[in-house]
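A closer look at the structure
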Amino acid sequence: MAPRLQLEKAAWQWAETVKPEDITHEHIELAYRIAVLACKRGTCRRNCRGNPNCLVGIGEQSWLGEIDENAFHNIDDPNSERRDKNTFVGLTNLGATCYVNTFLQVWFHNLELRRALYRFQNSRAEGHNTDSDTLKLTVKDYEPRTICEHLQYLFALLQNSNRRYIDPSGLVKALGLDTGQQQDAQEFSKLFLSLLEDTLSKQKDPNLQNVIQQQFCGQFSYVTVCNKCGRESPLPSRFYELELNIQGHKNLTECVTEFLKEEKLDGDNRYYCESCQSKQNATRRIKLQSLPRTLNFQLMRFVFDRQSGHKKKLNTFISFPEVLDMRPFLEGQEKCTYELSAVLIHRGVSAYSGHYIAHVRDAHTNDWYKFNDEEIEKMEGKKLQLGIEEDIAETAKSQTRKPKCSKGYHCSRNAYMLVYKQVIFSPFIIQYFLSFLQKLVDQDNKKFEEWCNEMADMRKQSVDKGKAKHEEVKELYELLPAEDGQSYEFVPLEWLKKWLDDSTAIKEIDNSQFFCSHGKLHPDNIAEVKRISSKAADLLFGRYGGISRLGQSSLCRDCVTQRCRVIRLKNQLNEDYREVMNLVKAPLKSDESGFWIGKASLRSWRQLALDQLEEDEEETKHNSSKVNGERSSSSGSKERDGEEMKNFNEDILCYHGGLSIIENDRRVVSAEVWNKLRMYFPKAPEFPQNHESCQQCMRLEREGKENEALNRMMANEQKSSLLNLFQEKNRPTLQKWPQDTDVLYIVPHYFVDEWRKFIRRPAKGNPVSSVGNSILLCPHGGFMFTYDSMLQGDAQHIALLWPAEWEVISRMFLVDQVISICRIHDKTQDNDLCRECREGFIFQQQRDMREYAQATVYVRKVIDKKRMIKESAPEFSVSGSDVEDEREEPKIDGENDPDFSQSEGGAKRQKLNETGSFSVAPVTAASKSGIRRSTRHRKLRGEKALIVSANQTLKELKIQIMHAFSVAPFDQNLSIDGRCLTDDSATLGSLGVIPESIICLKADEPIADYAAMDDVYQGKCCLRLLKFSKRSVPFSIIYFCTFFFLSFF
C-alpha cells in the first residue's frame, strides 16, 4: 500500500480544482478514503494507518490458524518447582546471601551436626510434640524465633521438603544480616559456630553441649623455647579452623608446614625467660596436639594491600588431596587420616564482591554435588573438577593456565575453604527428628501442593479462555471487512488492537475522541479508525458495549468544505507572496499615501498566514472548552517580550497599543500591498503613513533623557566630593589607626559598591539615595562586630570613612543610623555590645566553616606529641597547591597571647558612645620590629597539605594520609587541638575539622600481618586481632566477638 503521505495527498487532490460550493458526496468519500482498496494478508508487514480499509497487522496473526495451548498463558509449569527424586534442596539467594547458603549446605551435610540440631530441645517445641486436638492449630501458628529453631526447621526442610529450593529468609532475618550487602564469609563461619556453640552448651544433653567442640574444635600450643636454658613454655589454645597463608606456596602441605614452622625471637622481640629472669633469644612454634573430626582449612586469599589501603584477592593455584594424612604434623599419633568433604569457592576478581559456590560430597553415596543457590548439579565424569569455577568478569585470555595435578589431587585458584572429615568407622546415622518438626515440614509440603494445584487450575482457566477467544476472533475477523455497497461503521484502531491482544483488559468502544466540532468524524482522524461492516459492528457493540457510534452519516460535509477552502488559499498564498514581495521593492509614488508595516512582519508574513489558516482549520476539531469560530487562547494573551511573534504587525505596537516610536522597526508600503495583506490578516492593526507615534511613549522618552542628564550631574558632584572613596585611595584602617583623628565612621560595604556602580555608569542605573546602616545592627540595636572580629575578617562587611567624608555623606544621603568608631583612654569601660546576637553571628560563622568543599587542611606527623619527625621521603602535597617555604619561623615571646598586638602604652578598650557609635583601642599591626606578619599558613617539616570536604569521613581521610605518609590507617592516631579523632564513620565537619586546620598524626609501630590488620580496621572481627602475636585467645572474648558480629550486621 502507498505510504500515508501519498494517501493523504490523493484524498485531497480534487480540492485544487473544485470550489467549496461545488463539493459533492463523491468528493466527501474521497476525502474519507472510502474507496481505497483493502490490503490482503501477506502484502503488508504492518498495518496501513492511512487506509481505513486495511485490517492487516492489527494482531490477528496470533489467532488465525492452529495455536499451541501454552500460548494462552504465561504461567510456568508448577512441577518445575518440584524436587526431583534422589536430589537435594537448594536455597534462595536473597540478594547477596550466597555466602550464607554455601555454609548452610556444608553444615547440613555434616550428619553429626544435623543429628544434634534435630535433638535440640526448647520449651516452645516440647509443648507441641503431642497429638492433641489443638495441635493442628498450634502447628499452623508456629513460627521459629531463635537461631537454633530457625536452623533446625531449615535443616528439616532441606531433608524432606518437596520443593526444589526453599527460602532461608527467616534465619537470615534472625541473624540480622543485610541481604543487599555481601559480608566476609570466613568471619561469618567462625562467629556463627561460636554463637551456635554458646546456645548448645546450655542444653541438658551432654552430647549436645559439646557437639561443636567435638566436630570443629582442635587444640594446639604456642611453644617457646629459651636458647640459653632450653626451658619450654607451652601456651595451649583452641582453634576451629587453621588459617593458612598461600602466598608463595603451591599445595596444601606447604601451607600447613609454614603455619607450624619455627619462629626466631631475637633483638627487640626477645623472650623473657622466667628461669633466666631476663630477656633471652628464643624460638617459638605451633605444636598441634589434637585435631577435630571436621578439619577446616581457611586459605587466606583475601589480603591487605598497603598501596591501595584495601583488600585484594590472591588468585594463586593451590593443590589439595582428596585424602589428607596429618600424621607428619602431629606428635605421638599413629593414624590420623582425613577425607575431603567440601570445597567452598569464591568466584570473582575482587575481594569485596563476587559469588560463592560450594562443592560438597554426599556422606551416604560419596557423590559430589555443586550447590549454587537454587541450582544443584551432580558432579561426575568430566564435571568432577573440585574447586574449579570460572571467574566472573574475566576473559579466557586473562585466566592463568591450570597446572597439572596428580591422581587423587585437585587444583583451584578460587577455593578459599577446604573441609576435611576424619576417616573413622561409624555406623550409618539415621537422620530422624521430632514429630513436631515433621508436622511443620508436612504443613509446608501441603502448602506447596496447594500452590501447585492452584497454578494448574489457573493454567487450565487461561487455556479455556484462550480457546474461546480463538473461536470468537476467527468468527468475527471474517465479518470485519465492509464490502462495496454494504453499510459500514468506524471503530477505533487502538481498540481493535487491544481486542486482539489477550494480555490487556477490553473496555467498551469509545469514538468520542474522534468527533469534530459538528459532532461528526473529523477527516484528520481517519487514520485512527477502521471501517468495518455494520454486521460486525453490531456484534462488537453488543458484546463489549460502547457509545458514540460512527456510521455512514458521520462523514462531515462542513469539515471537508473548510479544508477545501484552506487548501485553495494555501495554493493562492504562494502567488500572492511573490506579488507582494515584488510590489514592496517598487518605490512609493510621491502623491500616494501608504501604510506603516513592521519589518519583522513583512519578512514572516507568509508563515504567519499559514499559521492563521491552520488555526482556522483547527477550530473545526472537537473541543469542549471552545465553540465554533472561537480563537485559540494560545495566541491571544501571551506577553510579547521574549515570545515569538503571533499576530501580524504587532511588532510596531507599543505597550500602550499605539504606533511605536522606533522608526527603524517599520517601513511604509503601498495601499495595494496593504490590501493584499489585509485579506489574510483582517484583524491586524492599521496605521496610515500620517499616523502619529504614541504620545505617551514620546513623553517618557523626553523624561528619560532629562533624568539621564540629572544623574550625570549628580554623579560628577558626588565623585568630586568623595574622590578618594571612589578611587579607594588614602583609606583608614583598623590595623594602623590614623594619628590625626580620634573618630572614624562606618557604613556598609554594600552601600559603597552600589554607589561606585552608579558613579561609573550614571545613565544605566538609579542613584543611591540612602545609607542603610541598620543592617549592621542586631534586632536589639547592638553592633554585630567586635574590634577583634573586624581585624580577623569581619571588616569585609564594612567601610571606614574619614570625618570629612562623613559630613559629605550625611549631606548627600539619608542615613538611618550613625555608627562611629573612636579611640578612648578609659580602660575600665566595657563594650556596649549585644552579646546574644554576637554569639548567634559567631555560631552561624562556625556552621559555615563546617560546610565546605575542596578545602585545605594540614597533617603534621609528630612523636611524643612534641617533637617533629623529619621525613626521609621527598615532600609532596596531595592538594597540588603552590610550594611553600617549609622553614619553621621562630616564635616571638607573647605571640600566642591575645594582647600581643597592643601598643606599649597599654590596651585601650572599645565602647558605644551616646549615639550608638562603637569605640576601639589603637593597635599597632606589627611587632617592635615594625614588620607586618603574613596570615598565610607556613608548612613545617613533616607536614603535608591535603584537600578535603566537610562531608568526607574520617576513614577516607586516613586513606589520604596513608598515601601521603605511608602509614596504614590502623596505625594512625589523629588529634586536633588535643582532641583525639577516633570515629571513622563520622564526617570531618562533625568532628570540628575546619579549613586550614592542623591535624597531628602519631604513628604506631607497624605489624607484619596486614591481612589481619585489615580485618580489624574494617571492624568485622576481633578474633584475628588477638592472634597477631600467635597467643591464646580467651573463650569469653570469642563470645564477646560473636555478639559484636551480630550487632555489626
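Each value, and the rule that gives it
Residues numbered from 1 in each chain as written. Predicted model: local features only at pLDDT ≥ 70, side-chain atom pairs only at ≥ 80, totals over all residues. Heavy atoms only, no water. Helix = DSSP H or I, 4+ residues; strand = E, 2+ residues; numbered from the N terminus. Buried < 20%, exposed > 50% of the residue type's maximum accessible area, 1.4 Å probe, protein only. Contact = heavy atoms within 4.5 Å. Areas by Shrake-Rupley, 256 points an atom, 1.4 Å probe, with all protein chains shown as cover. Phe/Tyr/Trp six-rings, centres within 6.5 Å; stacked < 30°, edge-to-face > 60°. pLDDT = per-residue confidence, 0-100. Pairing = 2+ DSSP bridges. Axes fitted to C-alpha atoms, helices over the stretch in contact; angles between N-to-C directions. Salt bridge = Lys/Arg side-chain N within 4 Å of Asp/Glu carboxyl O. Expected span 1.5 Å × (residues − 1).

It is worth spelling out the overall build of the protein at this point. For the protein, the helix and strand inventory stands at 28 helices and 38 strands. Residues counted as buried form 45% of the 1049 residues belonging to the protein. Long-range contacts, defined here as pairs at least 24 residues apart, represent 75% of the contacts in the protein between residues at least 6 apart. Per element, the accessible surface of the protein, about 57,000 Å² overall, is 48% carbon and sulfur.

With that settled, consider the packing of aromatic side chains. Overall, the coordinates contain 30 aromatic pairs when judged by the stated rule. Considering the side-chain rings of Trp605 and Tyr680, the 5.8 Å spacing of their centres and the 55 degrees angle between planes classify their relative orientation as tilted. With Trp605 in helix 18 (residues 605-618) and Tyr680 in helix 19 (residues 671-680), this pair connects stretches of sequence that are 75 residues apart. Residue Trp605 shares its accessibility class with Tyr680, and that shared class is buried. Three or more aromatic residues joined by ring pairs make a cluster, and in this case those are Tyr99, Phe103, Trp107, Phe188, Phe192, Tyr356 and Tyr416.

Our next topic: the confidence of the model for the protein. If pLDDT is low for a region, its predicted coordinates should not be looked at in detail. Averaged over all residues, the pLDDT of the protein equals 77, while 77% of them reach at least 70. In this model residues 865-935 is a low-confidence stretch, pLDDT under 50, and it forms 135 contacts with partners more than four residues away in sequence or in other chains. Taken as a whole, residues 1007-1049 scores under 50 in pLDDT and shows 95 contacts with residues more than four places along the chain or in a different chain.

Within helix 3 (residues 98-108), 11 of the 11 residues are buried, which leaves it mostly tucked inside the rest of the structure. Within helix 3 the residues assigned to the buried category are Cys98, Tyr99, Val100, Asn101, Thr102, Phe103, Leu104, Gln105, Val106, Trp107 and Phe108.

All right, on to the sheet that holds strand 3 (residues 218-226) then. Here 4 strands make up an open sheet; going across it, the order is 4-3-9-6 and the pairing antiparallel. This sheet does not close on itself; its edge strands, each paired only once, are strand 4 (232-239) and strand 6 (263-265). In this sheet, neighbouring strand axes are inclined to one another by 30 degrees on average, regardless of whether the strands run parallel or antiparallel. One ladder, built from 8 bridges, connects strand 3 with strand 9 (residues 282-290); its direction is antiparallel. Residue pairing across strands places Cys226 opposite Ala282, the latter belonging to strand 9.

Tallied over the full model, the rule gives 27 salt bridges. A salt bridge links Arg563 to Glu8; its shortest N-O distance comes to 3.7 Å. Of this pair, Arg563 sits in helix 16 (residues 557-585) while Glu8 sits in helix 1 (residues 4-11), and the two are 555 residues apart along the sequence. According to the relative accessible area criterion, Glu8 is partly exposed, its value standing at 30%.

Moving on: helix 16. Given 3.6 residues per turn, any residue in an α-helix points the same way as the ones three and four places further on. Taking 1.5 Å as the rise per residue, helix 16 with 29 residues should run 42 Å; its terminal C-alpha atoms sit 42 Å apart, in good agreement. All buried positions along helix 16 are accounted for by Cys559, Val560, Gln562, Arg563, Cys564, Val566, Ile567, Leu573, Asp576, Val580 and Val584.

It is worth spelling out the pairing of strand 36 (residues 972-976) at this point. Buried residues dominate strand 36, accounting for 4 of its 5 residues. Where strand 36 and strand 38 (residues 998-1003) come together, 4 bridges link them in antiparallel fashion. Residue pairing in the sheet places Asn973 in a bridge with Lys1002 of strand 38. Turn length for the strand 36-strand 37 (residues 979-981) hairpin, with the two strands adjacent in sequence and antiparallel, is 2 residues, and the turn residue Asp977 shows positive phi of about 55 degrees.

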